Amino acid sequence: MKLPDRYMELILPLIEKAKGFLAAGEALSPIAFVGSFESGQVIPIVIDTSNEEAKDNSALAIRLSADGIGADYVFTVMEAWGLPKDKIHRYEEIVERYGSIGASPWKIDTANFMLETRHGVWGAQVPLKFKAPSKKRRIFAAPLNLQFMDGAEGRFAQLLPAKESAGTLH
C-alpha cells in the first residue's frame, strides 16, 4: 500500500532535518511529532529511552497529546541498532545469546522512522554509515523507503485515539 502524498509532504522535511543532524555529526534525539490535519497543530515530544519506565511514560505522553488534539498521525524518529539482512532471521537466537541486538557483534547503527496514520502504519529502518573521512558525520547507507507495516505492535505503536470513521485514503 502506498503512503498518501498528504503524509509525505508532512514528513519529508522532518526526514531532511534528520539527515542534516547526522551529516553534522549529531545524534538523532528520539522524538515523536503528533499532528492534526484539522487544527494544523503539531506537537513534538522528546522520547526518553533511558529505561523501561521512561519509555512507557513517553508513550503515554504521546497518547495523551494525540488524544488531546484529535491527532491524525504520529511520526517518530529515533536511532537504534539493527541487524544486517543476512542475520535478521537469527534475531531471536541473537537476543537470547547476547541479551540484546546492541550487545551482539553484528549490531549496526540505524535510523528508524515510523508514521502511524488512520489508514495504517508505514516505517523504515535504514543503516547509517560514516561519511568519509569523518568518524562522527553519518549518512543513510540506503535510500529511505517507507513500507506499509501491517500489524505493527509495541509500546510506540497504536498511539492514535480511536475515531468513529477513518474516512478514505485519499
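Everything discussed here concerns the structure shown above.
Residues numbered from 1 in each chain as written. Predicted model: local features only at pLDDT ≥ 70, side-chain atom pairs only at ≥ 80, totals over all residues. Heavy atoms only, no water.

Engineer: What should I look at first to understand the overall build of the chain in this one?
Structural biologist: A count of helices and strands for the chain gives three helices and seven strands. Traced from its N-terminal end to its C-terminal end, the chain shows the element sequence α-β-β-α-β-α-β-β-β-β. Its C-alpha radius of gyration of 17 Å places the chain within 12% of the 15 Å reference for a compact globule of 170 residues. In the chain, buried positions account for 39% of the 170 residues. Counting only contacts in the chain whose residues sit at least 6 apart along the sequence, the fraction spanning at least 24 positions is 63%. Surface summary for the chain: the accessible area is close to 10,200 Å², and the carbon and sulfur share equals 53%. (Helix = DSSP H or I, 4+ residues; strand = E, 2+ residues; numbered from the N terminus. Rg over C-alpha atoms; globule rule 2.2 N^0.38 Å. Buried < 20%, exposed > 50% of the residue type's maximum accessible area, 1.4 Å probe, protein only. Contact = heavy atoms within 4.5 Å. Areas by Shrake-Rupley, 256 points an atom, 1.4 Å probe, with all protein chains shown as cover.)

Engineer: I'm lost on the side chain of Ser58 in this one. Help?
Structural biologist: Position of Ser58 among the secondary structure elements: in helix α2 (residues 52-69). Beyond its immediate chain neighbours, meaning those up to four positions away, Ser58 contacts Val46, Ile47, Asp48 and Phe156.

Engineer: Even after reading the chapter, I still don't get the pairing of strand β1 (residues 31-35), so can you show me in this structure?
Structural biologist: Working note: regular strand, side chains alternate between the two faces of the sheet. Of all five residues making up β1, five are buried, and the element is well covered by its neighbours. Alternating residues of β1 divide into Ile31, Phe33 and Gly35 and Ala32 and Val34, and every residue in both groups is buried. With five bridges connecting them, β1 and strand β2 (residues 42-46) associate as antiparallel partners. Following the sheet pairing, Val34 is matched in β2 by Ile43. Hairpin connection of β1 to β2: six residues between the antiparallel strands, including Gly40 at a positive phi of 75 degrees. Bridge count between β1 and strand β3 (residues 73-82): five bridges; the pairing is antiparallel. In the sheet register, Phe33 faces β3, and the bridge partner there is Phe75. (Pairing = 2+ DSSP bridges.)

Engineer: Quick question: what am I supposed to make of the packing of aromatic side chains here?
Structural biologist: What describes a pair of aromatic rings is the distance from one ring centre to the other and the angle between the planes of the rings. Enumeration according to the criterion identifies seven aromatic pairs in this entry. Ring geometry for Phe37 against Tyr73: centres 5.5 Å apart, planes inclined by 50 degrees, an arrangement best described as tilted. Within this pair, whereas Phe37 is found in the loop between β1 and β2, its partner Tyr73 is found in strand β3, the two being separated by 36 residues in sequence. Overall, the relative accessible area of 22% leaves Phe37 in the partly exposed class. (Phe/Tyr/Trp six-rings, centres within 6.5 Å; stacked < 30°, edge-to-face > 60°.)

Engineer: Is there a simple way to explain the environment of Gly151 in this structure?
Structural biologist: Its location among the elements puts Gly151 in the segment after β7 (147-148). In this structure the C-alpha to C-alpha distance between Gly151 and Gln41, which are 110 residues apart in sequence, comes to 27 Å.

Engineer: Looking at this structure, how should I read the nonpolar core?
Structural biologist: One broad trend across soluble globular proteins is that nonpolar side chains are buried collectively. Core analysis: the biggest nonpolar cluster contains 21 residues, and Phe75, Phe113 and Phe140 have the highest contact counts within it. Per-element accounting of this core gives the leading share, five residues, to helix α1 (residues 5-23). Discounting chain neighbours no more than four positions away, the residues touching Phe113 are Ile15, Ala18, Phe75, Thr76, Val77, Trp122, Gly123, Ala124, Val126, Phe140, Leu144 and Leu146. Ile45, Ile47, Val74 and Phe156 belong to the second-largest nonpolar core, a separate cluster that totals 14 residues. (Core = buried A, V, L, I, M, F, W, Y, C linked by side-chain atoms within 4.5 Å.)

Engineer: Which parts of the structure should I look at to understand the side chain of Asp72?
Structural biologist: With respect to the helices, strands and loops of the structure, Asp72 is situated in the loop between α2 and β3. What Asp72 contacts, discounting residues up to four positions off in sequence, is Tyr7, Gly35, Ser36, Phe37, Glu38, Glu116, Thr117, Arg118, Leu160 and Lys163.

Engineer: It is not clear to me how the pairing of β3 should be interpreted in this structure. Could you clarify?
Structural biologist: Extensive coverage of β3 is indicated by the burial of seven of its 10 residues. Here β3 runs beside strand β4 (residues 108-117); their pairing, made up of 10 bridges, is antiparallel. Note on β4: the bridge partner recorded for Val74 is Glu116.

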